[in-house]
Amino acid sequence: MSDNTLTRVAYTREQAAELAAELERRSRTAKDYVVQARGVQFEVQDGDDGNPLGLVSLIPDGTRLGSKLALPITHTAHAQLADTLGIPKVYYDRMLVEDVDLLATNVNHWAQRDDRNRLLRTIDYGDGRPVLRAWLSDRYRALDNVDLFFGAIKTGWEAGAEVSRVNLTDDKFELRMLHREWREGLSYPENGRGPVYGLDGGHRIGRRADSVFLPGIYLGNSETGRGGLTVRPFLLDMVCSNGLVGEASFSQVHLGGRLEAGYLSRETVGLKDQVLWAEVRDLVRATFDEERFRRMVRALGQTTAEVLADPVQAVSDVAVRYNLPDADRQAILNELISPGHDRDPGRTVFGLISAITERARTYQATDPDRATGYEEIAGDLVGAGRQLVAVR
């Protein structure tokens, strides 16, 4: 059973080429089936090596009459099964760990009473055995990462951009590209103000600090129902390597017309998406707009003058609004009060943005979804800082 822990990160063109090969391999092994929920059976099986596979789904093999495919189930598909069959997730997870036979009985019981068609997405994640990676509505519109990657890369290169970072997990694909020929400086008073006095009573003269920003683009997609296709502007601070994701330029929910029962070939699905991918390529070109980029940096610059009325309360307000865990709330507060690098942007909205993006950077390799979430929070603060936190 896949545990959805694989994270692949690419920073260079060579690494991006390796990741592209993995995308192509996944695309070749991925297969989709539309079947009635009641036509799927679930049982507990052992693997060829004698080790338990856990709960396995048996789905009709549309390529061979009367045959069935035995597929281990990923954590994502387990969560989707629990949701669509109305089994409380806490109880489902307990059965999965403590009594998988009881889980099979429960899932079979409720699936047999479900006459809806479901889209079952399968794939080989690299170990030679296909798994059930998603259990979705028959209206789910599958938009494949490989198409997004090659379409965006080609269009970005034509616009003069290059790959900054690519993340690929079992559930999410993210691509960031930068235009290194455009850059915009941002100067602000260190400590967010003039002369300040340290805790030791020593006087420190305020001086100017500088950041240099590069414009970019962020593209995200999920093939397993864990988020829609999105295209957003992206800013990278060259001094500290922190980034923030701006307001969405494009967002496409994976929703389409109902699918006919049977096996779905890649050719059939691909023909329906040509117009959408053309629109995405146009948006990539439009996002690499120099004047738009400079407007974003100017808006960011305005936050350097927005002094937080209460830094501790400001961090708390953000943590509550975005449901941040206590460890991250404390880390962001520590970074805001005492930055871990040689620049201090002060107890301003800009300083809060910097602290959040610094926390995001710590998750880039281990939890890219959380890193992106924090970069999006930073982007929210650029345009709505005064609405989200109190300033003087």
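Data block above holds the structure.
Note that the structure is a prediction, hence the values are computed from the model and not measured.

Colleague: Account for helix H8 (residues 290-302), with residues named and values stated.
Modeller: Counted at 1.5 Å a residue, the expected span for H8 with its 13 residues is 18 Å, and the 19 Å between its end C-alpha atoms agrees. Those residues of H8 not exposed but buried are Phe293, Arg294, Met296, Val297, Leu300 and Gly301. Relative to the axis of H8, the buried residues are bounded by an arc of 155 degrees and lie together on one face. N-capping of H8 is provided by Asp289, with a side-chain oxygen placed 3.3 Å from the backbone N of Glu291.

Colleague: An account of the nonpolar core is requested, with residue identities and associated values reported.
Modeller: Side chains that are nonpolar tend, in soluble globular proteins, to be buried together. Counting residues in each nonpolar core, the largest one holds 62 residues, and the members touching the most others are Phe173, Leu219, Leu300, Leu352, Ile356 and Val389. Those residues in contact with Leu352 that lie beyond four places of it in its chain are Leu308, Ala314, Val315, Val318, Ile332, Leu336, Leu381 and Val389. Within the second largest apolar cluster, 24 residues are counted, among which are Val40, Ala82, Ile87 and Leu132.

Colleague: Let's hear about the environment of Asp282: which residues, and what values?
Modeller: Its place among the elements puts Asp282 in helix H7 (residues 274-287). Along the primary structure Asp282 and Thr155 are separated by 127 residues, whereas in three dimensions their C-alpha atoms are 8.3 Å apart.

Colleague: Talk me through empty space enclosed by the protein; I want residue IDs and the actual numbers.
Modeller: The method is simple in principle: a probe with the dimensions of a water molecule rolls over the atoms, and the space it marks as empty is what remains. In the structure shown here, the tally under the stated rule is five cavities of 30 Å³ or more. Its boundaries defined by the atoms lining it, the largest cavity holds a volume of some 110 Å³. Lining the largest cavity are 14 residues, with Phe213, Asp237, Asn242, Ser354 and Thr357 sitting closest to its centre. Taken together, the elements giving at least two residues each to the lining of the largest cavity come down to strand S14 (229-237), strand S15 (243-245) and helix H11 (349-361).

About the criteria used
Residues numbered from 1 in each chain as written. Predicted model: local features only at pLDDT ≥ 70, side-chain atom pairs only at ≥ 80, totals over all residues. Heavy atoms only, no water. Helix = DSSP H or I, 4+ residues; strand = E, 2+ residues; numbered from the N terminus. Expected span 1.5 Å × (residues − 1). Buried < 20%, exposed > 50% of the residue type's maximum accessible area, 1.4 Å probe, protein only. Arc of directions from axis to C-beta. Polar contact = N/O pair within 3.5 Å; in protein donor to acceptor, adjacent residues only side chain to side chain. Core = buried A, V, L, I, M, F, W, Y, C linked by side-chain atoms within 4.5 Å. Contact = heavy atoms within 4.5 Å. 1 Å grid on protein atoms, 1.4 Å probe; cavity = no way out; pocket = protein on both sides within 12 Å on 5 of 7 lines; lining within 4 Å. Points joined across faces, edges and corners; volume = space filled by probe spheres on them.

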